[in-house]
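Coordinates in review
The lines below spell out each chain.
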Amino acid sequence: MRQLMSKAWFVPAVMLALGLLFAYWGLIGRGPLNYVAAAILLFFALRFVSTTQVRSLPVSGVDEHLAAGGVVVYWRPGCQYCARLIRELGTEGRERVYWVNIWENAGAADRVRHYHRGFETVPTVVTADDHFVAKDAESYDRAKAVIRGATPVD
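Residues numbered from 1 in each chain as written. Predicted model: local features only at pLDDT ≥ 70, side-chain atom pairs only at ≥ 80, totals over all residues. Heavy atoms only, no water.

1. Topic: the environment of aspartate 154
- Within the secondary structure, aspartate 154 is located in the segment after α7 (137-148).
- Taking the C-alpha atoms as reference points, aspartate 154 and glutamate 95, 59 residues apart in sequence, are found 9.2 Å from one another. (Helix = DSSP H or I, 4+ residues; strand = E, 2+ residues; numbered from the N terminus.)

2. A word on the pairing of strand β2 (residues 97-101)
- With five of five residues buried, β2 lies mostly within the body of the structure.
- Burial along β2 is two-sided: Val97, Trp99 and Asn101 and Tyr98 and Val100, pointing in opposite directions, are all buried.
- Bridge count between strand β1 (residues 71-75) and β2: five bridges; the pairing is parallel. Pairing of tyrosine 74 across the sheet is with valine 100, part of β2.
- Note that the unit made of β1, helix α5 (residues 80-95) and β2 has a crossover that is right-handed. (Buried < 20%, exposed > 50% of the residue type's maximum accessible area, 1.4 Å probe, protein only. Pairing = 2+ DSSP bridges. Right-handed = clockwise from strand over helix to strand, strands pointing away.)

3. Remarks on a nonpolar patch on the surface
- On the surface, a cluster of nonpolar side chains totalling about 510 Å² of accessible area is made up of Val14, Leu18, Leu21, Tyr24, Trp25 and Ile28.
- Checked against the element boundaries, tyrosine 24 lands in helix α2 (residues 10-27). (Patch = residues over 30% accessible without salt bridge, like charges linked within 9 Å, V, L, I, M, F, W, Y side chains within 5 Å. Areas by Shrake-Rupley, 256 points an atom, 1.4 Å probe, with all protein chains shown as cover. Salt bridge = Lys/Arg side-chain N within 4 Å of Asp/Glu carboxyl O.)

4. Section: the packing of α5 against α7
- Running from N to C, α5 and α7 point in directions that differ by 35°, and their axes come no closer than 11 Å. The element α5 and its partner α7 pack so that their crossing is right-handed. Along the contact surface, α5 presents Tyr81, Arg84, Leu85, Glu88, Leu89 and Gly93, while α7 presents Ala137, Tyr140, Ala143, Lys144 and Ile147.
- In the contact of α5 with α7, the residues fall into seven nonpolar, one polar and three charged. (Axes fitted to C-alpha atoms, helices over the stretch in contact; angles between N-to-C directions. Left-handed = near helix turned anticlockwise from the far one by under 90°. Contact = heavy atoms within 4.5 Å. Nonpolar A, V, L, I, M, F, W, Y, C, P; charged D, E, K, R; others polar.)

5. Examining the sheet that holds strand β3 (residues 124-126)
- Spatially, the four strands line up as an open sheet ordered β2-β1-β3-β4, and their pairing is mixed. Edge positions in the open sheet fall to β2 and β4 (131-133), since each of these has one partner strand only. Between one strand axis and the next, the sheet turns by 20° as a mean value, whatever way the strands run.
- The sheet contacts of helix α6 (residues 106-115) involve β1, β2, β3 and β4, and relative to β1 the element is tilted by about 100°.
- Here α7 sits on the sheet and contacts β1, β2, β3 and β4; the angle it forms with β4, its principal contact strand, is near 140°.

6. Here's the deal with the side chain of histidine 116
- Inspection of the secondary structure assignment puts histidine 116 in the loop between α6 and β3.
- Accessibility expressed as a relative area gives 15% for histidine 116, which makes it buried.
- Each residue touching histidine 116, except ones within four places of it in the same chain, is listed here: Thr121, Thr124, His131 and Val133.

In C-alpha cells, the structure reads:
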C-alpha cells in the first residue's frame, strides 16, 4: 500500500473519484449532503494536484547536486506542507529544486530521519551547509529565497 501511496497522483485521484461518486449519489436522490461531501473532496483533489507537478529524482544524485550549489527538497505525496511549498514556488521555482520523494526511496527516508532525530519530517529543504523544514510562513519565505539563489537541476 505504501508503494501505491508514494505515487504523487494517487491522493488527488482517489479524492476525485470519491467526489464524483458522492455527486452521482446526490443526482440519483440519495440526499443533498452528498453534494457537500463531493464539493469537499473535489476541493482537496484540486489542492493536492499540484504535487503531481514535480518530478521525483533518485537520492543517488543528491550529493552531486548539493556540491554544485543546488537545493534538495525531500517530500512525500499527500503532505499538505509539501503541497503548499510546491504551489508557492510556481513553475520556475519547482524546476530549480532537486525533488526526492521519501516514500519512493528508502535511502531518502533514512537521510530525512538522520536530519530530524528519527522522524520523517517533510518538506525538508537541504543546502550544502544547512537544512530546515518548511512549515510556516517564515520558513516558506526562507525556502523560496534559498531556491531562487540555487543552481538549477540539469
